[in-house]
Amino acid sequence: MFTGIVEELGEVTAVEKLDDASRFRLRGPVVTEGAKHGDSIAVNGVCLTVVDLGENEFTADVMAETLDRSSLGALAPGSRVNLERPMALGGRLGGHLVQGHVDGTGHIVERKVSENWELVTVSLPAGLARYVVEKGSITVDGVSLTVVDAGPDFFTMSLIPTTLALTTLGLKQPGDPVNLEVDVLAKYVERLLAHGGGPGAGEPVA
């Protein structure tokens, strides 16, 4: 489980295309400190497993399902990426509960620059719109953000200077893809309501 508070702006150093997957090598001195084989690291909001470690670098395999569902397939050597290690048990939850399971991708539609922040509009796949609400939480390329406005096929977010400087969201331009993960609590609530609350709904727990 992650929090959507990016620890480091890393870099893709190599991409190996396999038959039904890709192998990425990524540089991230912060997230690799103390890391070991089998650990999880979120890359642009996608939870990946460390399969090899080098000096300030780690390698991760990305299967076809992940490449199809996320924007990781567009990464190339030199691409900058948001990196975050899982939240330690007992640690502070600075953002919101993030699984690292991308629900879909959107695209940057527009950026409106203000003196101290930017208002960014992102396209929203139709299947995800029902989970996005004004002032709710959403994860964009692994960054926990608050929704400013939510429409049928878009949402907006305000980015402060720190977010612009320390994450890929300061680099993204109109047309660029972003990974989206909606609040998992909304999906659980929807499923419970669809099944009438489930067996024994409304009854006290023994």
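Since this is a predicted model, take the numbers as computed values, not measurements. (Residues numbered from 1 in each chain as written. Predicted model: local features only at pLDDT ≥ 70, side-chain atom pairs only at ≥ 80, totals over all residues. Heavy atoms only, no water.)

## Quick word on the overall build of the protein chain
Looking only at helices and strands, one finds four helices and 12 strands in the protein chain. Taken over C-alpha atoms, the radius of gyration comes to 18 Å for the protein chain, in line with the 17 Å a tight globule of 206 residues would show. Along the longest, intermediate and shortest principal axes, the C-alpha atoms of the protein chain span 55 × 50 × 35 Å. Looking at the protein chain residue by residue over its 206 residues, the buried ones come to 41%. (Helix = DSSP H or I, 4+ residues; strand = E, 2+ residues; numbered from the N terminus. Rg over C-alpha atoms; globule rule 2.2 N^0.38 Å. Buried < 20%, exposed > 50% of the residue type's maximum accessible area, 1.4 Å probe, protein only.)

## Some remarks on the sheet that holds strand β1 (residues 8-17)
Pairing is antiparallel around the closed barrel formed by six strands, whose spatial order is β1-β2-β5-β4-β3-β6. Ignoring which end each strand starts from, the neighbouring axes of this sheet average 45° apart. With four bridges connecting them, β1 and strand β6 (residues 80-84) associate as antiparallel partners. Note on β6: the bridge partner recorded for E11 is R80. (Pairing = 2+ DSSP bridges. Axes fitted to C-alpha atoms, helices over the stretch in contact; angles between N-to-C directions.)

## Details of the pattern of salt bridges
Per the counting criterion, the structure on display carries 12 salt bridges. The network of salt bridges with shared partners includes E11, R25, R27 and E57. (Salt bridge = Lys/Arg side-chain N within 4 Å of Asp/Glu carboxyl O.)

## A word on helix α4 (residues 184-194)
The backbone nitrogen of L185 lies 3.1 Å from a side-chain oxygen of the residue at the head of α4, namely D183. Backbone geometry just after α4 places G196 at a positive phi near 65°. (Polar contact = N/O pair within 3.5 Å; in protein donor to acceptor, adjacent residues only side chain to side chain.)

## What about the nonpolar core?
Ranked by internal contacts, the top residues of the largest apolar core, which has 21 residues, are V122, V140, F155, M157, L169 and L180. Only β8 (118-123), β9 (137-140), β10 (143-150), β11 (154-159) and β12 (177-182) provide two or more residues apiece to this core. In terms of nonpolar packing, the next biggest core, distinct from the first, is built from 18 residues, V12, L48, V62 and V102 among them. (Core = buried A, V, L, I, M, F, W, Y, C linked by side-chain atoms within 4.5 Å.)

## Section: the sheet that holds β9
The antiparallel closed barrel is built from six strands, whose spatial order is β7-β8-β11-β10-β9-β12. The mean inter-strand angle of the sheet, taken between neighbouring strand axes irrespective of direction, is 45°. Bridge count for strand β7 (residues 104-113) against β8 is five bridges, and the pairing is antiparallel. Note that in β8 the partner of K112 across the bridge is L119.

## Observations regarding the pairing of β7
Here four bridges tie β7 to β12, and the two strands are oriented antiparallel to one another. Note that in β12 the partner of G106 across the bridge is V178.

## Side note on unusual backbone geometry
Positioned with a positive phi, N44 is a non-glycine residue whose angle comes to about 50°. When you line up the elements, N44 lands in the loop between β3 (40-43) and β4 (46-54). The buried category is assigned to N44, whose relative accessible area is 2%. Of note, the phi angle at N56 is positive, near 65°, even though the residue is not glycine.

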